[in-house]
Amino acid sequence: MTRLTDVPLSVGVQHESEDSSGPATPHQTSTSGGGATQSGGSMGNSHPSSGGSTAESSERRRRRRKHRHRNDPRSNRTSRLLIHPSSWRKYIISIIVCLALIGLGVGVVSIIEIRRQGDLRSAAQQLSTTAGYSVSAQLDHCVSSVLALGVLIQQNGTIENFDDTAKYILSIYGSGGIGILDLARNSTVTHVYPPNFGNLAALNQSLIDNPDTRHSVQRALEKRVVVLQGPLAPRVQNQFAVVGRYAIFVQNKITGLDEYWGLADATVYVNKLIQASQMNTLDAAYSYWFSTTDPRAEAPVVFYSNTKSAAPTDAVVVVITLTEGTWYLMVQPSEGWKWSTSLWYEIIIVIVVALVLTLLLFQLLRQPEMLSGMVLKRTRELEDARVKLERSNKLLEQMDKMKDRFLANTSHELRTPLMGII
């Protein structure tokens, strides 16, 4: 049997529970009332506290919205806008450093390649100098044959058997490219060796009256040394040739004076001369051109080459100084002065290294931002954990209060019937 005085107590307990923990659930109502009457009383008396429950629910919804807004990446636009310039600064610094590294690497590779080209030119220069000296020495050796003829005539006053003498001289000097030996008594050709049809056509020609040979004859008479004429178009075999010419003077036994006897000529074919020289070192990997100056032409005249292409302007040039005149030997590699095949691989390696270093630099520049993000994320996690802990503590406190009130109500409900029975 329930007393009327017990109802307000139960209702008051229910109101207090609603104020502390929000709207009462059906489970809480049935537990604290002990029957349908108490539940109905609780529900009927819950209207006075509905304002506080609505305010508390609004506060909870506001906190949840605030928590979702804080964890939503789309809501962090303001912070991203704040770090946006610094991010662009990192990209700009990385791009500048990458371009600088690539430029520096390409510059170093270019310097190495230029030095490599210089080494190639130095090697070509050394080989060309050696070849030019060999050609000059071989030509001097060939034209020395006219000195041998001149000495024989100076000693004997004449020469008895020219063919045998010329054959013997050619066996000594002719390996360098001598094609023709001739004597010109009083500047008129009288003897020619070898006596073939093409060479015999030169007999009885006056060298002093020929406009092509007059200047060379006059120089030989004035200097009394071996002079060179050519390279010039040869008389036979359609080859360029060089003529070594020596003026022979014989001493008069009566007067003791030197009298002009005639000329000794040696025609040296250029192709045989160069083949007899040490040009094999150049033939293997180089193209070369021999040229000389011609007063009748504006540019040097190329008279021999091991290739059909024209002489380049960037070839290595070696000056060959002869007893008479100057030759020029121009040399370049057979494929030209090309860049090394490894140049592109070196440039690719430079670019790859620059990109790797730039990536490492970019990661290093991003470290403060990444650390800040990690700290911010950890702070948010700690804040969420703190909020959850506070909620758990409040829930435990509410449950503890509910327990105390339940025990108090239970003891009161049991004490009242017992007191009535007693």
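Our structure's up above, just so we're on the same page.
The present account deals with the structure reproduced in this document. (Residues numbered from 1 in each chain as written. Predicted model: local features only at pLDDT ≥ 70, side-chain atom pairs only at ≥ 80, totals over all residues. Heavy atoms only, no water.)

## Side note on the overall build of the protein chain
Under the convention used in this document: Secondary structure is summarised from DSSP: a helix means a run of H or I of at least four residues, a strand means a run of E of at least two, and numbering begins at the N terminus for each. Residue exposure (1.4 Å probe, protein chains only): buried if accessible area is under 20% of the type maximum, exposed if over 50%, otherwise partly exposed. Residues count as neighbours in contact if any of their non-hydrogen atoms are within 4.5 Å of one another. With residues, only the protein chains shown are counted as cover, and all accessible areas are computed by Shrake-Rupley using a 1.4 Å probe.
Along the backbone of the protein chain there are 11 helices and 9 strands. The 422 residues of the protein chain split such that 34% are buried. Taking the intrachain contacts of the protein chain between residues at least 6 apart in sequence as the baseline, contacts between residues at least 24 apart amount to 61%. Carbon and sulfur atoms make up 61% of the accessible area of the protein chain, which totals about 26,400 Å².

## Structural notes on the side chain of Thr165
In this structure, Thr165 sits in helix 6 (residues 162-173). Take Thr165: its relative accessible area is 18%, and that puts it in the buried class. Excluding residues within four positions of it along the chain, Thr165 makes contact with Leu149, Leu152 and Ile159.

## Focus on the pattern of salt bridges
Oppositely charged side chains can form a pair if their charged atoms are brought close together. This is how the line gets drawn: Here, a salt bridge means any side-chain nitrogen of Lys or Arg that lies within 4 Å of a carboxyl oxygen of Asp or Glu.
Taken as a whole and judged by the stated rule, the model has 8 salt bridges. For Glu113, the salt bridge goes to Arg116, with nearest N and O atoms at 2.3 Å. With Glu113 and Arg116 both in helix 5 (residues 77-156) and 3 residues apart, the pair spans about one turn of that helix. A relative accessible area of 25% places Arg116 in the partly exposed class.

## Some thoughts on the sheet that holds strand 7 (residues 301-305)
Put simply, the rule reads: Any two strands with at least two DSSP-identified bridges between them are counted as paired. For helices, the axis comes from a line fit to the C-alpha atoms of the stretch in contact; other axes are also lines fit to C-alpha atoms, and the angle between any two N-to-C directions lies between 0 and 180 degrees.
Reading across from one edge, 7-6-9-8 is the order of the 4 strands in this open sheet, with antiparallel pairing throughout. Looking along the sheet, the strands with just one partner apiece sit at the ends: strand 7 and strand 8 (316-321). For this sheet, the mean inter-axis angle between neighbouring strands, taken without regard to orientation, is 30 degrees.

## Details of the packing of aromatic side chains
Threshold: Between the rings of Phe, Tyr and Trp (Trp by its six-membered ring), a pair exists once the centres lie within 6.5 Å; its type follows the angle of the planes, with under 30 degrees stacked, over 60 edge-to-face, and the other angles tilted.
According to the stated counting rule, one finds 8 aromatic pairs in the structure shown. Here Phe290 and Phe303 contribute two aromatic rings whose centre-to-centre distance is 6.2 Å and whose plane-to-plane angle is 40 degrees, an arrangement assigned as tilted. Taken together, the positions of Phe290 in strand 6 (residues 286-292) and Phe303 in strand 7 put the pair 13 residues apart, joining distant regions of the chain. According to the relative accessible area criterion, Phe303 is buried, its value standing at 5%.

## Some details on the pairing of strand 1 (residues 178-185)
Strand 1 sits mainly inside the fold: 7 of its 8 residues count as buried. Bridging between strand 1 and strand 5 (residues 258-269) involves 7 bridges; their strand directions are antiparallel. What sits directly across from Asp182, in strand 5, is Asp265. Examined bridge by bridge, strand 1 and strand 2 (residues 188-193) share 5 bridges and lie antiparallel to one another. Pairing of Arg185 across the sheet is with Thr188, part of strand 2. Between strand 1 and strand 2, which pair antiparallel in sequence order, lie 2 residues; one of them, Asn186, sits at a positive phi of approximately 55 degrees.

Geometry only, nothing functional implied.
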